[in-house]
Amino acid sequence: RFVGCKVFIDNDEVVHDSEFFNIQLIKGFTLSHAEKGIVGKVTAIDDFGGNFVLTVDYNGKEVLLPFNEELICEFDENKKSIIMFFPEELLIINE
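Residues numbered from 1 in each chain as written. Predicted model: local features only at pLDDT ≥ 70, side-chain atom pairs only at ≥ 80, totals over all residues. Heavy atoms only, no water.

S.K.: Help me out: how do you make sense of the overall build of the chain in this one?
M.R.: Looking only at helices and strands, the chain features 0 helices and 6 strands. If you list the helices and strands of the chain from N to C, you get β-β-β-β-β-β. The 95 residues of the chain split such that 27% are buried. Taking all contacts inside the chain whose residues are at least 6 apart in sequence as the whole, residues at least 24 apart take part in 38%. For the chain, the computed accessible surface area is about 7400 Å², with 51% contributed by carbon and sulfur atoms. (Helix = DSSP H or I, 4+ residues; strand = E, 2+ residues; numbered from the N terminus. Buried < 20%, exposed > 50% of the residue type's maximum accessible area, 1.4 Å probe, protein only. Contact = heavy atoms within 4.5 Å. Areas by Shrake-Rupley, 256 points an atom, 1.4 Å probe, with all protein chains shown as cover.)

Have a look at this one:
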């Protein structure tokens, strides 16, 4: 029985459908703020009941940021970069 087991697939083996986007593929992307510039690398993505949260390495600290289509200004899969507009206070909320 394989019920409840984790399955690992190499990203190169994943079939990309233009209508389907696997949010886990943005792990390692560079996240930037639309006005402040580079924030850091996306190190993890968590799903809290349909609400995706990015863990970003910001100046050596983990920062949690909401991920929502409405916050995205630019998404470049080739450059592995995301530019989002979000309240700057989210970067210092954990200090």
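S.K.: Explanation requested: the nonpolar core in the structure shown.
M.R.: Inside soluble globular proteins, nonpolar side chains tend to come together where they are buried. Ile 26 and Leu 54 are the most contacted members of the largest nonpolar core, which totals 17 residues. Going through the elements one at a time, strand S2 (37-48), strand S3 (51-58), strand S4 (61-67) and strand S6 (81-84) are the ones with two or more residues in this core. (Core = buried A, V, L, I, M, F, W, Y, C linked by side-chain atoms within 4.5 Å.)

S.K.: How should the pattern of salt bridges be read in this particular structure?
M.R.: Two side chains carrying opposite charge are able to pair once their charged atoms lie near each other. Considering all chains together, one arrives at 1 salt bridge under this definition. Close ionic contact of Glu 88 with Lys 36 constitutes a salt bridge, the shortest N to O distance being 3.8 Å. Residue Glu 88 is located in the segment after S6, and its partner Lys 36 is located in the loop between strand S1 (30-33) and S2; the two are separated by 52 residues in the primary sequence. (Salt bridge = Lys/Arg side-chain N within 4 Å of Asp/Glu carboxyl O.)

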